[in-house]
Amino acid sequence: MYEAAQYSWNNHINGCIDSYLQSQIRIDTTIVSGSDNESYDIHGSVCGGESRNSSEGESSSRRTHMKGVDFTTRESSNENDNESSNENKSSNENAHDNESSNENKSSNENDNDNESSNENKSSNENDNESSNENDNESSNENDNESSNENDNESSNDPTQKYKDLWLQCENCYFLNYKKFLKSKMYICEQCGDHLKMSSSDRIELLIDPGTWDPMDEYMVSQDPIQFDSEVEEEEEVQVEEEVQVEEEVQVQVEAEEEVQVEEEVQVEEEVQVQVEAEVQVQVEAEEEVQVEEEVQVEEEVLVEEEEEEETYQDRIDFYQRKTGLPEAVQTGIGQLNGIPVAIGVMDFHFLGGSMGSVVGEKITRLIEHATNKCLPLIIVCASGGARMQEGSLSLMQMAKISSALYEYQSNQRLFFVSILTSPTTGGVTASFGMLGDIIIVEPNAYIAFAGKRVIEETLKQTVPEGSQEAEYLFEKGLFDLIVPRHLLKSLLSELFKLHAL
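The paragraphs below set out a description of the structure included in this document.

Rules used in this analysis
Residues numbered from 1 in each chain as written. Predicted model: local features only at pLDDT ≥ 70, side-chain atom pairs only at ≥ 80, totals over all residues. Heavy atoms only, no water. Helix = DSSP H or I, 4+ residues; strand = E, 2+ residues; numbered from the N terminus. Buried < 20%, exposed > 50% of the residue type's maximum accessible area, 1.4 Å probe, protein only. Contact = heavy atoms within 4.5 Å. Pairing = 2+ DSSP bridges. Core = buried A, V, L, I, M, F, W, Y, C linked by side-chain atoms within 4.5 Å. Expected span 1.5 Å × (residues − 1). Right-handed = clockwise from strand over helix to strand, strands pointing away.

**Some details on the overall build of the protein**
For the protein, the helix and strand inventory stands at 15 helices and eleven strands. The buried share of the protein, taken over its 501 residues, is 32%. Considering only contacts within the protein whose residues lie at least 6 apart along the sequence, 69% involve residues at least 24 apart.

In structure tokens:
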């Protein structure tokens, strides 16, 4: 707007100047023919507006003091005034046109600016939307990629994929490569802790190659007390009770429905529709309650089935497949540095090395065979105690083995070495584990009758830390020797040679 106004003002001034100059030139031409004594009294004024130019053009008449020339000059002045006014009008019209055109231009420019700004806004909004969409897509893609990467990482986790190749130390949590552990006698490379060994590895450690002759390897437990039968009976009784409850509920619902039908018949016809609706609502509510009760009963049954452990026979079959052993102990005859010995090795990997009727029987037969053949006896203990699933039959094995050892040690005066490894607890500790002529224990082995938690819950007393470890018990006189694995075979050989003398 400022530029348009300045432009019209300049045009107007230029028009006024031009008209003035033209009028002056015409007056001079008309007076040239007069004498030199002529004098001119020309008064002119130039104004900025249209009204001032027209009015002052008339008042500022150019006067000539010549005789006979007065009319001419006035005419000329009038003509000049008319021409100047016309020129001023034209210039004003031009100025107005210019102003309007400029205003139109400015308005068009403003409109264009607005349109461009709106277009810019829309483009910005589109850009923002597109950027947001791209950001969202990129973030979703990143999230999906990260989740896929996490899934791939978890699926490619070497500890999960190759977990059968490593054995973690329970003391320092160092991962030991199983392929090298066997040659290192299952001793942790980091801290030197003695890790659990299978019965087969211990036999290879102690017995000379090619001299092992197993005994009673086909004896297998058969669930002698039907440990899971009580559970099955309880389940059957529970199912029968549930069925009975469902039948009672169904009869009750049917009776209620019959009563409701009789009441509906007695109700007046006017309110029959309303009563039927109410009865229908009640029936639906009762059906929903019944359905919810049935669903709840089914869920409880499912939860009980899920929480129910495998049967004893299933667990026996599972550990037989897992370890390749028929039971939790291997017994047989072999040679230790050329000395014939009878040896029994318990395996903690088979159901915690628990002692059932078959384990007790195999150890008893081994002791009797050693008694008959006058062989030195070695029993390597690694057990959680008597087997719960066989009840009192497993507890009877403690007395049976102890009586066979009494015959072996007291009557025949033979040599029995008991080797306690981690863990040795329960009925094994309370029977033949502590009846050896020489009791040897591995370093840092866990030896106890009852576990720490059981003692604290029963006696309401805190068990001191380390009070059930081999070193502490050795100081109390419970064991004869603490021997590392790499020295065990040579030590046993020396003991048997000394006893033979």
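There is more to say after this.
**Let's talk about the sheet that holds strand E7 (residues 339-346)**
Sheet strands associate in pairs through backbone hydrogen bonding, adopting either a parallel or an antiparallel arrangement. If you trace the seven strands from one edge of the open sheet to the other, you get E5-E6-E7-E8-E9-E10-E11, paired in mixed fashion. Since the sheet does not close on itself, it has two edges, and those belong to strand E5 (213-215) and strand E11 (481-482), each with one partner.

**A word on the nonpolar core**
In this structure, Ile363, Ile367, Leu377, Phe432 and Phe479 are the most contacted members of the largest nonpolar core, which totals 39 residues. Residues contacting Ile363, with those up to four places away along its chain left out, are Val329, Thr331, Ile379, Ile401 and Phe432. Of all hydrophobic cores here, the second largest spans 27 residues; its members include Ile339, Ile378, Ile419 and Ile438.

**Brief notes about helix H15 (residues 485-500)**
The terminal C-alpha atoms of H15, which comprises 16 residues, lie 23 Å apart, in line with the 22 Å expected from a rise of 1.5 Å per residue. Within the sequence span of H15, burial applies to Arg485, Leu488, Lys489, Leu492, Ser493, Leu495 and Phe496. On its buried face, H15 sits against helix H6 (199-206), strand E6 (329-336), E7, strand E8 (377-383), strand E9 (416-424) and strand E10 (438-441).

**Some thoughts on the pairing of E8**
For E8, a buried count of seven out of seven residues is recorded, marking the element as mostly surrounded by other parts of the structure. Neither face of E8 is left uncovered, since the one carrying Leu377, Ile379, Cys381 and Ser383 and the one carrying Ile378, Val380 and Ala382 both have all their residues buried. Strand direction decides the pairing type here: E7 and E8, joined by four bridges, are parallel. Looking across to E8, one finds that Ile343 is bridged to Ile378. With helix H10 (residues 357-373) bridging E7 and its parallel neighbour E8, the resulting β-α-β unit is right-handed. Crossover handedness for the path E8 to helix H11 (residues 392-411) to E9: right-handed.

**Some remarks on unusual backbone geometry**
Each neighbour pair has its own omega, and for Ser422 with Pro423 the value is -5 degrees, a cis peptide bond. Position of Pro423 among the secondary structure elements: in strand E9. In this model, Arg413 sits at a positive phi of 55 degrees, which is unusual for a non-glycine residue. In this structure Arg413 comes out as exposed when scored by relative accessible area, which is 65%. Within the chain, Lys460 stands out as a residue other than glycine whose phi angle is a positive 60 degrees. Mapped onto the fold, Lys460 is located in the loop between helix H13 (452-459) and helix H14 (470-475). Take Lys460: its relative accessible area is 70%, and that puts it in the exposed class.

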